[in-house]
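Each chain, written out:
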Amino acid sequence: MSIKSETQSQSNKDVEQQSIGDDIFKTIIQLNKERLEFEKANRFFDAAKVKNQLKLLGEEFIKITLFALREKQQGEKQSLEDEYERELNELNQIWEERLVKNEEELKNFLQETQERQREELTKFEEMLTQSIPQQGRFSPEILNIEYQVQMLVRDQRYNEAGNLLKRLESLKSQCLNKISDKTDEKIRNMLESMVKRHENELLVIEKRLNSDREELLKMREKDFEMVHSKFRIFRDKLEKNHNSDYIKEDRRLKSFNPSANYLANFN
């Protein structure tokens with residue numbers, strides 16, 4: 001059953017109880033009129049019977065009146081609980097949407113950061129490849145052999161120059177491979193250094209985002225505690241008012257005399 005249906009059902013019960021109490025009170029008024037008529041006619045036995053009826057009706061009237069009051073109070077309590085549940089549901093929906101939105105923003109921010117880092121790394125690698133100087137140079141042995149080849153060519157000693165050139169090319173190839181390896185290693189180390197900086201940057205960002213997330217959850221908890229606290233106060237106040245009203249009504253009804261003459265004058 002929905003909250004609205006429960007509230008309507010309780011309202012119908014309150015009206016029904018009130019109607020029963022009103023009917024009993026009308027009967028008490030009518031019987032008191034009959035009792036006084038019997039008094040005037042000296043029909044005392046009949047008056048006594050009516051008085052006994054009035055006593056029973058008075059007890060029933062008190063019982064119904066107090067029961068109706070309790071039902072009414074129970075309805076007020078239920079209305080308060082319904083309002084409490086409604087506020088909690090609304091607040092929960094607000095925070096669910098806020099948290100989902102926040103997580104989406106954090107996710108997008110991380111993705112944007114990672115994309116930026118990838119772009120930075122790509123550009124950095126291109127810059128290193130194009131601008132970093134070769135790490136090393138030809139050895140003195142190679143330079144010396146180059147000089148010897150030049151001298152042999154000048155002296156037209158071509159066969160000796162050709163044989164020495166083969167050795168020179170082999171040594172140059174080996175040296176260039178080493179230079180290339182060293183250059184690649186330096187680029188690799190510099191790229192790894194940037195990757196490490198990016199990783200550290202992400203760790204700092206994730207730590208900050210987690211801190212923001214925890215702060216947001218604390219705010220959520222605080223908002224819910226405010227609602228809990230507010231309704232605790234409302235419950236306490238309502239309970240005190242109900243107890244006070246019940247005590248007052250109980251005292252009033254204890255002095256109720258269903259055979260009082262003034263009741264015959266009610267319209």
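Each value, and the rule that gives it
Residues numbered from 1 in each chain as written. Predicted model: local features only at pLDDT ≥ 70, side-chain atom pairs only at ≥ 80, totals over all residues. Heavy atoms only, no water. Helix = DSSP H or I, 4+ residues; strand = E, 2+ residues; numbered from the N terminus. Salt bridge = Lys/Arg side-chain N within 4 Å of Asp/Glu carboxyl O. Buried < 20%, exposed > 50% of the residue type's maximum accessible area, 1.4 Å probe, protein only. Axes fitted to C-alpha atoms, helices over the stretch in contact; angles between N-to-C directions. Parallel < 35°, antiparallel > 145°, perpendicular 65-115°, else oblique. Left-handed = near helix turned anticlockwise from the far one by under 90°. Contact = heavy atoms within 4.5 Å. Nonpolar A, V, L, I, M, F, W, Y, C, P; charged D, E, K, R; others polar. pLDDT = per-residue confidence, 0-100. Core = buried A, V, L, I, M, F, W, Y, C linked by side-chain atoms within 4.5 Å. Phe/Tyr/Trp six-rings, centres within 6.5 Å; stacked < 30°, edge-to-face > 60°. Lys NZ or Arg CZ within 6 Å of the ring centre and 35° of its normal.

### Considerations on unusual backbone geometry
For Asn-42, which is not glycine, the phi dihedral falls at a positive 60 degrees. Mapped onto the fold, Asn-42 is located in the loop between helix H1 (3-40) and helix H2 (44-131).

### Describing the pattern of salt bridges
Here the structure, examined in full by the defined rule, presents 17 salt bridges. Residue Glu-76 is joined to Lys-72 by a salt bridge in which the shortest nitrogen-to-oxygen separation is 2.8 Å. Within this pair, Glu-76 and its partner Lys-72 are both found in helix H2, separated by four residues, close to a single helical turn. Given a relative accessible area of 44%, Lys-72 falls into the partly exposed group. Residues Glu-249 and Arg-252 are paired through a salt bridge, measuring 2.6 Å at the closest nitrogen-oxygen approach. Here Arg-252 and Glu-249 lie together in helix H4 (residues 158-254), a separation of three residues that amounts to about one turn. Judged by relative accessible area, which is 45%, Arg-252 ranks as partly exposed. Taken together, the shared-partner salt bridges connect Glu-83, Arg-86 and Glu-90 into one network.

### Thoughts on the environment of Leu-238
Its place among the elements puts Leu-238 in helix H4. Along the primary structure Leu-238 and Asn-108 are separated by 130 residues, whereas in three dimensions their C-alpha atoms are 48 Å apart.

### Details of the packing of helix H3 (residues 140-154) against H4
It is at 9 Å that the axes of H3 and H4 come closest, and there the two elements cross at 160 degrees. The pairing of H3 with H4 is recorded here as roughly antiparallel in orientation. Here H3 runs over H4; the crossing is left-handed. Here Glu-141, Ile-142, Ile-145, Glu-146, Gln-148, Val-149, Leu-152 and Val-153 of H3 lie close against H4, whose contacting residues are Tyr-158, Glu-160, Ala-161, Leu-164, Leu-165, Arg-167, Leu-168, Leu-171, Lys-172 and Cys-175. Residues belonging to the contact of H3 with H4 are distributed by class as follows: twelve nonpolar, one polar and five charged.

### Remarks on the environment of Ile-247
The topology assignment puts Ile-247 in helix H4. Overall, the relative accessible area of 43% leaves Ile-247 in the partly exposed class. When the C-alpha positions of Ile-247 and Leu-66 are compared, they lie 10.0 Å apart, and in sequence the two are 181 residues distant.

### Examining the confidence of the model for the protein
Chain-level statistics for the protein give a pLDDT mean of 87 and a share of 91% at 70 or above. Within the protein, H2 carries the highest mean pLDDT (93), whereas H1 carries the lowest (76).

### Digging into the nonpolar core
Membership of the largest hydrophobic core comes to 16 residues, with the highest contact counts inside it found for Phe-25, Ile-28, Phe-61, Phe-256 and Leu-263. Listed by contribution, the elements that provide at least two residues to this core are H1 and H2. Grouped together as the second largest cluster of nonpolar side chains are eleven residues, Tyr-84, Leu-91, Trp-95 and Leu-216 included.

### Describing the packing of aromatic side chains
The full count for this structure, using the stated rule, is four aromatic pairs. Each ring, one from Phe-25 and one from Phe-61, has its centre 5.4 Å from the other, and the planes form 35 degrees; the classification is tilted. With Phe-25 in helix H1 and Phe-61 in helix H2, the pair connects residues that are 36 residues apart, well separated along the chain. As far as the burial class goes, Phe-25 and Phe-61 line up, both buried. Relative to Phe-234, the ring of Phe-231 has its centre 5.6 Å away and its plane inclined at 80 degrees; by these criteria the two rings are edge-to-face. With Phe-231 and Phe-234 both in helix H4 and three residues apart, this pair spans about one turn of that helix. The class for Phe-231 is buried, based on a relative accessible area of 1%. One aromatic cluster is present, formed by Phe-25, Phe-61 and Phe-256 through successive ring pairs. It is Arg-70 that lies over the ring of Tyr-246; its NZ or CZ is 3.8 Å from the centre. Of note, Arg-235 hangs over the ring of Tyr-84, and the distance from its end group to the ring centre comes to 4.6 Å.

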